[in-house]
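A structural walkthrough
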Amino acid sequence: MFEYGFEEGTDFISNLSKSTGGRPSVDYAITLDYAKEISMLLFNK
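The following refers to the structure shown. Since the model is a prediction, treat every value here as computed from it, not as a measurement.

**Let's talk about the overall build of the chain**
On a plain count of helices and strands, the chain comes out with 1 helix and 2 strands. Taken over 45 residues, the chain has a buried fraction of 9%. In the chain, of all internal contacts separated by at least 6 residues, the share reaching a separation of at least 24 is 18%. Looking at the chain as shown, the accessible area adds up to about 4,000 Å², and 55% of this sits on carbon and sulfur atoms. Computed over 4 positive and 7 negative side-chain charges, the separation of the two mean positions in the chain equals 10 Å.

**Some words on the side chain of Asp 11**
Its place among the elements puts Asp 11 in the segment before strand 1 (12-16). Buried and unpaired, Asp 11 has Lys 36 as its nearest opposite-charge partner, separated by 12 Å. Among residues more than four places away in sequence, those in contact with Asp 11 are Gly 5, Phe 6, Ala 29, Ile 30, Thr 31 and Tyr 34.

**Quick notes on the environment of Ser 14**
Structurally, Ser 14 is set in strand 1. On the basis of relative accessibility, which here comes to 36%, the residue Ser 14 falls in the partly exposed class. C-alpha separation for the pair Ser 14 and Asp 27, spaced 13 residues apart in sequence, amounts to 5.7 Å. Of note is the side chain of Ser 14, whose polar atom sits 2.7 Å from the side chain of Glu 8.

Calculation rules
Residues numbered from 1 in each chain as written. Predicted model: local features only at pLDDT ≥ 70, side-chain atom pairs only at ≥ 80, totals over all residues. Heavy atoms only, no water. Helix = DSSP H or I, 4+ residues; strand = E, 2+ residues; numbered from the N terminus. Buried < 20%, exposed > 50% of the residue type's maximum accessible area, 1.4 Å probe, protein only. Contact = heavy atoms within 4.5 Å. Areas by Shrake-Rupley, 256 points an atom, 1.4 Å probe, with all protein chains shown as cover. Lys, Arg positive; Asp, Glu negative; His and termini not counted. Charge placed at Lys NZ, Arg CZ, Asp CG, Glu CD. Salt bridge = Lys/Arg side-chain N within 4 Å of Asp/Glu carboxyl O. Polar contact = N/O pair within 3.5 Å; in protein donor to acceptor, adjacent residues only side chain to side chain.

This is the structure we're talking about:
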């Protein structure tokens, strides 16, 4: 994400979830503009 110039706090935020016996997971909330950029990057390869 960082190699394309996206910034945490501006384009996305991460949330570390507590573990219930396994590994903790990381959830991401992204902006609509960031989602559009990701989709363009994936479909242009």
